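# Topology and contacts: notes
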Amino acid sequence: MRIQEFVIAGDAAGPYGITIGPDRAVWVTLTHSGEIARVGHDGGIDVIDLGAPAAQPSVITTGPDGALWFTRTGDDRIGRLTPDGQRSDFPVPTGGAGPYGITAGGDGALWFTEMHTDRIGRITVDGTVTEFELPVDKAFAAAITAGPDDAVWCALNQANAIGRIGADGAVSVFDLPTPGAAPVGITSDGEALWFAEIGAGQIGRITPAGTIDEFPLADRAARPHAVAAAGPGDVWFTEWGANRIGHVRGDGTVTGWDLPTPRSEPHGLAVDPDGVVWAALEIGRLVRVQP
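Residues numbered from 1 in each chain as written. Predicted model: local features only at pLDDT ≥ 70, side-chain atom pairs only at ≥ 80, totals over all residues. Heavy atoms only, no water.

Looking now at the overall build of the protein. In terms of regular secondary structure, the protein is built from zero helices and 28 strands. Against the compact-globule benchmark of 19 Å for 291 residues, the protein has a radius of gyration of 17 Å, which places it among compact chains. Per-residue burial for the protein yields a buried fraction of 58% across its 291 residues. Relative to all contacts within the protein whose residues are 6 or more apart in sequence, the contacts with residues 24 or more apart total 39%. (Helix = DSSP H or I, 4+ residues; strand = E, 2+ residues; numbered from the N terminus. Rg over C-alpha atoms; globule rule 2.2 N^0.38 Å. Buried < 20%, exposed > 50% of the residue type's maximum accessible area, 1.4 Å probe, protein only. Contact = heavy atoms within 4.5 Å.)

As structure tokens, this is what we get:
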């Protein structure tokens, strides 16, 4: 296992969300400075200023149109950025929504969570937004991902549940077995959904039929945050509270590796086409993990 860290921004910029773009570069939200960073194959770093310091860009993903789409939690907007740097943004209709998670759905649109208004949003590539109410109060919807069943799935942090939203907006809610699990990150490995239980120190798995398994970490105070799948039963996660990168297999076997810099606060992570794992560190760095 080879682990390398790279400085990509100032200590206070706050690298947070991360994705591999259509250009195979690594794109990172700088949540505290209101910027997006691009790290190319040659190690070159470009920083795009959103022109809104309080935008708080959070989660970022590649859209079906080949652009980067991201949530602006601080000013209730959805941002769009092309690989060549052209940017635009679209308001979320409900004020105070706090958009957070975002993913490309199987229907050619983007889906996002609204943390503060118990809604899931859908935005087309031309900027048309539709909102769907969750059947749970104060759910604090967090990350969202496209599932293997043509639906999108999301972590309902304060409802202690996983939600499923069909293309027609129909919502199903699956309660978690462990009280106070507080799921945050969620991903699909192509067969099931995997999620991080930040409150319980566990990684969970739910099948499209709703069967749930939970895998405890050795350090239950590790505060697992984000998850990303490299393939079926091959899932990586960040341990925000333990300063580690972890891995879980389909049989529940968990391993992990300490990060070089103490208290680096790992947040979002992504797996590139070569199987290399990248994670955003809040201290202004990016970490590269070569399995």
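With 33 residues, the main nonpolar core has W69, I123, W153, I162 and I206 as its most contacted residues. Counting 15 residues, the second largest nonpolar core, distinct from the first, contains L30, A37, V276 and A280. (Core = buried A, V, L, I, M, F, W, Y, C linked by side-chain atoms within 4.5 Å.)

Quick look at the sheet that holds strand β16 (residues 161-165) now. Strand order across the open sheet formed by four strands is β14-β15-β16-β17, with antiparallel pairing between neighbours. The outermost strands of the open sheet, each flanked by one partner alone, are β14 (141-146) and β17 (171-175). Across the sheet, the mean angle from the axis of one strand to that of its neighbour is 20 degrees, orientation sign disregarded. (Pairing = 2+ DSSP bridges. Axes fitted to C-alpha atoms, helices over the stretch in contact; angles between N-to-C directions.)

Across all of its chains, the model carries seven aromatic pairs by this definition. Seen in terms of ring centroids, Y16 and Y100 are 6.2 Å apart; in terms of plane orientation they differ by 70 degrees. Their pairing is edge-to-face. Of this pair, Y16 sits in strand β2 (residues 15-20) while Y100 sits in strand β10 (residues 99-104), placing them 84 residues apart in sequence. Across the pair, Y100 and Y16 agree in class, each one buried. Relative to F174, the ring of W153 lies with its centre 5.6 Å away and its plane at 20 degrees, an arrangement referred to as stacked. Of the two residues, W153 sits in strand β15 (residues 152-156) while F174 sits in strand β17, which places them 21 residues apart along the sequence. Residue class for W153 comes out buried when judged on its relative accessible area of 0%. (Phe/Tyr/Trp six-rings, centres within 6.5 Å; stacked < 30°, edge-to-face > 60°.)

What is shown is where atoms sit, not what they do.
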